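# Geometric and topological summary
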Amino acid sequence: MDISAVNALPFEDFVDIFGNVVEKCPLVSAAVWTRRPFGSLTDLEAAINQFIDALPESGKEGILRCHPDLAGRDLRRGALTRESREEQARAGMDALRPDEASRVARLNEEYKRRFGFPFVVCARASDKASVLRELSERCASERAAERARGIEEVKKICRLRLQGLVLPDNKL
């Protein structure tokens, strides 16, 4: 759909279509609907990013907590959102060897224990080796730095999801 069609969407349809560009956070799309009309896909993305940036740290952590563990329980149970399932599969997280799966489970738990929210990485822009490396390395980060890093990853995920829904920029 082009940006004109996006701008013409009633509230409910807008939230239905864009409600998961930030994982399990339809409140974000509900809030940015009022900022229409958007001149471009870039403007829509900027509105979402501005909304996220304006949140208090607790709100940003809430967004991070909405993300599933990589190669975690939700993947094994088939309970991921369609978007997360596709993104994790693209990164090879659905095809881990038993030793890799054990390592990821251990590191996911260590990460959540240390930071209070799950590890978030843009799986679509990663492969299995880079995800495993990054998860291991980021377990040693400081909380504020990791919260900021996680939010930047959320924004990357959002950008890619938006690009799958809206035609590239052609300014109004």
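Note that residues are indexed from 1 along each chain, following the sequence as it is written. The model is predicted, so local features are restricted to residues of pLDDT at least 70 and side-chain atom pairs to those at 80 or more, both for listing and for counting; the totals for chains, interfaces and linings are taken over all residues. No hydrogens and no water enter the side-chain calculation; it runs on all heavy atoms of the structure.

## Some words on the environment of Ala101
Basically, it comes down to this: To qualify as a helix, a DSSP run of H or I must reach at least 4 residues; to qualify as a strand, a run of E must reach at least 2; elements of each kind are numbered from the N terminus.
With respect to the helices and strands, the residue Ala101 is situated in helix H8 (residues 98-115). Residues Ala101 and Leu70 lie 31 residues apart in sequence; the distance between their C-alpha atoms is 9.8 Å.

## Remarks on H8
Using the following cut-off: To estimate how far a helix should reach, multiply one less than its number of residues by 1.5 Å. The buried label applies to any residue whose accessible area, calculated with a 1.4 Å probe on protein chains only, is under 20% of its type's maximum; exposed applies above 50%, and partly exposed to all values in between. Here the arc refers to the directions that run from the helix axis out to each C-beta atom. Residues count as neighbours in contact if any of their non-hydrogen atoms are within 4.5 Å of one another.
Between its terminal C-alpha atoms H8 stretches 26 Å, which fits the 26 Å expected from 18 residues at 1.5 Å a residue. For H8, the set of buried residues is Glu100, Val104, Leu107, Asn108, Tyr111 and Phe115. Down the axis of H8, the smallest arc covering the buried residues is 110°, so these residues share one side. Across H8 from its buried face, at more than 90 degrees, point the exposed residues Pro98 and Arg113. Those residues of H8 that are buried are in contact with helix H9 (128-138) and helix H10 (143-163). Just downstream of H8, Gly116 is the residue with a positive phi angle, here 85°.

## Observations regarding the domain arrangement of the protein chain
Just so we agree on the cut-off: Where a domain begins and ends is set by an automatic assignment or by a domain database.
You can read the domains of the protein chain as domain 1 (3-54) and domain 2 (69-150). In this structure, domain 1 and domain 2 have C-alpha centres spaced 26 Å apart.

## Some points on the nonpolar core
As a reminder of what qualifies: Within this scheme, the nonpolar core is defined by two criteria: the residues are buried Ala, Val, Leu, Ile, Met, Phe, Trp, Tyr or Cys, and they are joined through side-chain atoms within 4.5 Å.
In terms of nonpolar packing, the biggest core is built from 46 residues, with Phe18, Val22, Leu44 and Ile48 touching the most fellow members. Within the residue set of this core, elements represented by two or more residues are helix H1 (3-8), helix H2 (11-18), helix H3 (26-33), helix H4 (41-54), helix H5 (57-65), H8, H9 and H10. Tallying contributions element by element places H4 first for this core, with 6 residues. When residues of this core are assigned to domains, at least three fall in each of domain 1 (3-54) and domain 2 (69-150).

## With respect to the packing of aromatic side chains
Going by this rule: Classification of ring pairs rests on two measures: the distance between centres of Phe, Tyr or Trp rings, Trp counted by its six-membered ring, which must be within 6.5 Å, and the angle between planes, read as stacked under 30 degrees, edge-to-face over 60 and tilted in between.
In total, this model carries 7 aromatic pairs according to the counting rule given. Measuring from centroid to centroid gives 6.4 Å for Phe14 and Phe38, while their planes differ by 20°, and the two rings are stacked. Here the residue Phe14 occupies a position in helix H2, and Phe38 occupies one in the loop between H3 and H4, the gap between them amounting to 24 residues. Residue Phe14 is classed as buried on the basis of its relative accessible area, which comes to 1%. Judged by relative accessible area, Phe38 falls into the buried class, the value being 2%.

## Looking at unusual backbone geometry
Residue Arg36 is joined to Pro37 through a cis peptide bond whose omega torsion reads 0°. Relative to the helices and strands, Pro37 resides in the loop between H3 and H4. Even without glycine at this site, Lys24 takes up a positive phi of about 55°. The partly exposed category is assigned to Lys24, whose relative accessible area is 41%. Unusually for a residue other than glycine, Ala71 sits at a positive phi of about 55°. A relative accessible area of 14% places Ala71 in the buried class.

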